[in-house]
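Descriptive structure summary
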Amino acid sequence: MDAIRAIVGVQLRIIRRDPWFLVIMFGMPLVIMPLFVDTIGLSLQAEGYGDASGAEQVVPGQVVMFGFMLAGSVGFSVYREHGWNTWDRLRASAAPAPSLLAGFAIPWILIHLLYQVTLLVTGALLVGLRLKGSIIAEFLVLLSYSCCLIAFVLLLTAVFRTINQVNAIVNLGAMVFGGLGGAFVPVDGLPKIAQYLSPFTPSFWAMEGHRAVFLEDGGIADVLPSVGVLLGATVVLAGLAVTRFRVDETKEFFG
Amino acid sequence: MASKRSNFNRRKSFDAVRAVVNDVRVLVARGLTKSYGDVQALRGADLDVAPGQITALLGRNGAGKTTMISIIAGLLQPDSGSVELGGIDVFSNLDAAAKLTGIAPQETGVYGVLTVRENLEFFANLAGVGRTERASAAAEVADQLGLTELLDRRAGKLSGGEQRRLHTGCALVHRPQLLMLDEPTVGADVATRAQLIESVRSMANEGAAVIYTTHYLNEVEALDADNVIIDAGQVLARGTREELVEEHRLSGLEFTLDAPLDAAEVERLGATNTEGNTYRTTDDRPIGALIADLGSQSEGLLGIESLRPDLETVFLAVTGDRLDEGAS
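Cut-off values and rules
- Residues numbered from 1 in each chain as written.
- Chains lettered and ligands numbered in written order.
- Predicted model: local features only at pLDDT ≥ 70, side-chain atom pairs only at ≥ 80, totals over all residues.
- Heavy atoms only, no water.
- Helix = DSSP H or I, 4+ residues; strand = E, 2+ residues; numbered from the N terminus.
- Buried < 20%, exposed > 50% of the residue type's maximum accessible area, 1.4 Å probe, protein only.
- Contact = heavy atoms within 4.5 Å.
- Areas by Shrake-Rupley, 256 points an atom, 1.4 Å probe, with all protein chains shown as cover.
- Lys, Arg positive; Asp, Glu negative; His and termini not counted.
- Charge placed at Lys NZ, Arg CZ, Asp CG, Glu CD.
- Axes fitted to C-alpha atoms, helices over the stretch in contact; angles between N-to-C directions.
- Parallel < 35°, antiparallel > 145°, perpendicular 65-115°, else oblique.
- Left-handed = near helix turned anticlockwise from the far one by under 90°.
- Nonpolar A, V, L, I, M, F, W, Y, C, P; charged D, E, K, R; others polar.
- Pairing = 2+ DSSP bridges.
- 1 Å grid on protein atoms, 1.4 Å probe; cavity = no way out; pocket = protein on both sides within 12 Å on 5 of 7 lines; lining within 4 Å.
- Points joined across faces, edges and corners; volume = space filled by probe spheres on them.

**Things to note about the overall build of chain B**
For chain B, the count of helices and strands is 12 helices and 14 strands. Along the first, second and third principal axes, the C-alpha set of chain B runs to 75 × 50 × 45 Å. When each of the 328 residues of chain B is scored for burial, the buried share is 49%. Taking as baseline every contact in chain B between residues at least 6 positions apart, the subset at least 24 positions apart corresponds to 68%. When the accessible surface of chain B is split by element, carbon and sulfur atoms take 47% of a total near 14,500 Å². Both charge centroids of chain B, one from 32 positive and one from 48 negative side chains, sit 4 Å from each other.

This is how it looks when you write it as structure tokens:
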């Protein structure tokens, strides 16, 4: 427990010292949101959501897609320790693999959650997103999505040897899962084959939760299927990550 | 005769001290083996270290030094063998054993974006030093390593030598019972070397056991260390400088020619071929006499060196090769 606390503390401090990546990750979706709101608004109105502005789809969609990219940072943090030659020093503390992984996961779950909340609030100010359903339900969707993605990237970290491999998977995943999961356009608007694949992506379940809260005045019960699937996936992915992770395996950072 | 007797008596007294000290050994490593694929890095190596003792692990690149200390630190699992730290089996009580050790690996590993103080306090925290004691532990180590003025500077802004000192400081900030430094002075300037050696001596004076790997024999002499010569994964010799020189005395001449000598000529000279066109005599022949013995062959003499009874020639005698001090 002491090791987890120490690593969480130092990781948060490192992130605070170099926040520019977060600033850029925050700025990009803000540029994209206004471009699509009106078009998506018409599409939602055609779906039967008469008072929809489009922000109900576009803002959560950007949160889901860029959230996927941001989650890659937890992998970056682990590989960076190898690049800085500090990984062996962490290992010398005898902290077991689950504690080391938790030390990296916890700060990024918190930051990821904060990132999503900040984007939603900024989306409300920028393109008029309005919360119709339960704020607690929305929080549960955000939290479960953060946990699921961080666990997914930790599994990638456990499997892949280089940061470049993880980056490639994360970037591809953000686009493919985002597209299939309905982050760009509602799933109903996707080709049939894509609609069959959608439920196998975390983005789909996150978008389902967001739609329940922002479009359908949903409460906690309405988001439980989404939250349940995302948390269930978190447990499976984290379990696989811990099982597969080898603390003595050399990882390659850039160069 | 008097000198031999005095050496004998000194050796007896060393043995007596060691017998007492060994009863309270911090580290007892036995029969360590480790392979990486087809490469056998360690082949049944033993190592004991007592409190207050500085042990220099001497060996060429690939001799097994880093593998050995990585196993002792619990960073690597041996294929066979055991390691006890303060009576604790390292591999079944990794957590407890880790609190007793401090390791500074070969590559400098500090957080460049954090200050010197933050680095030291983090590693103290990781090693279980309480919140109230961390600040003073960091200040104490900074003082010991001449980093006090730099406590609030980011590690990334330090010079290479200062980073090296901080790197070592992170290993000793929790005052471990066993400190392991893997080539701590590689790439360090003269002042940093002196500071690090002084810190190691000070830690040993405080009772810590120290394992120090290096290629630099002058450092070993400055540390007055107990020497362990390791080659091809095996411990070949161990002792103080005096003991090793006494036991593995090697004196004579080593000379290199521009062409090989035939076997009869080598035998006539009483030499042995060490490598290529390099030959060694181990009698007390002066250089002039050897040149005379070489006769016309001396025209092809490229170099000639007198072997003195020191750690370098001990290493040569034990391993059959030189310790390349330039290597890192």
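Following the structure, the description resumes.
**Structural notes on the packing of helix H6 (residues 135-159) of chain A against helix H10 (residues 220-244) of chain A**
Residue and element names in this part refer to chain A. The geometry of H6 relative to H10 is characterised by a closest axis approach of 8 Å and an angle of 20° between their N-to-C directions. It follows from the interaxial angle that H6 and H10 lie roughly parallel. Seen along the crossing, H6 lies across H10 with a hand that is left-handed. Of the residues contributing to the contact of H6 with H10, the split by class is 23 nonpolar, 2 polar and 1 charged.

**Comments concerning the sheet that holds strand E14 (residues 301-307) of chain B**
Residues and elements named next belong to chain B. In space, the 4 strands of this open sheet follow the order E12-E13-E11-E14, with antiparallel pairing throughout. Both outer strands of the open sheet, strand E12 (272-275) and E14, are each paired with one neighbouring strand and no more. Across the sheet, the mean angle from the axis of one strand to that of its neighbour is 25°, orientation sign disregarded. Sheet analysis places strand E11 (residues 252-257) next to strand E13 (residues 278-281), joined by 4 bridges and oriented antiparallel. Within E13, the residue paired with Phe255 across the bridge is Tyr279.

**Overview of the side chain of Gln11 of chain A**
The topology assignment puts Gln11 of chain A in helix H1 (residues 2-17). Setting aside anything within four residues of it in sequence, one finds Gln11 of chain A in contact with Ser77, Arg80, Glu81, Gly103, Phe104 and Pro107 of chain A.

**Details of the layout of surface pockets**
A volume near 560 Å³ is recorded for the largest pocket. Lining the largest pocket are 22 residues, and of these Asn85, Asp88 and Thr250 of chain A together with Pro105 and Glu107 of chain B sit closest to its centre. Elements with a contribution of two residues or more to the lining of the largest pocket: helix H3 (55-83) and helix H4 (87-91) of chain A together with helix H2 (65-72) of chain B. Broken down by class, the residue content of the lining of the largest pocket amounts to 7 nonpolar, 7 polar and 8 charged.

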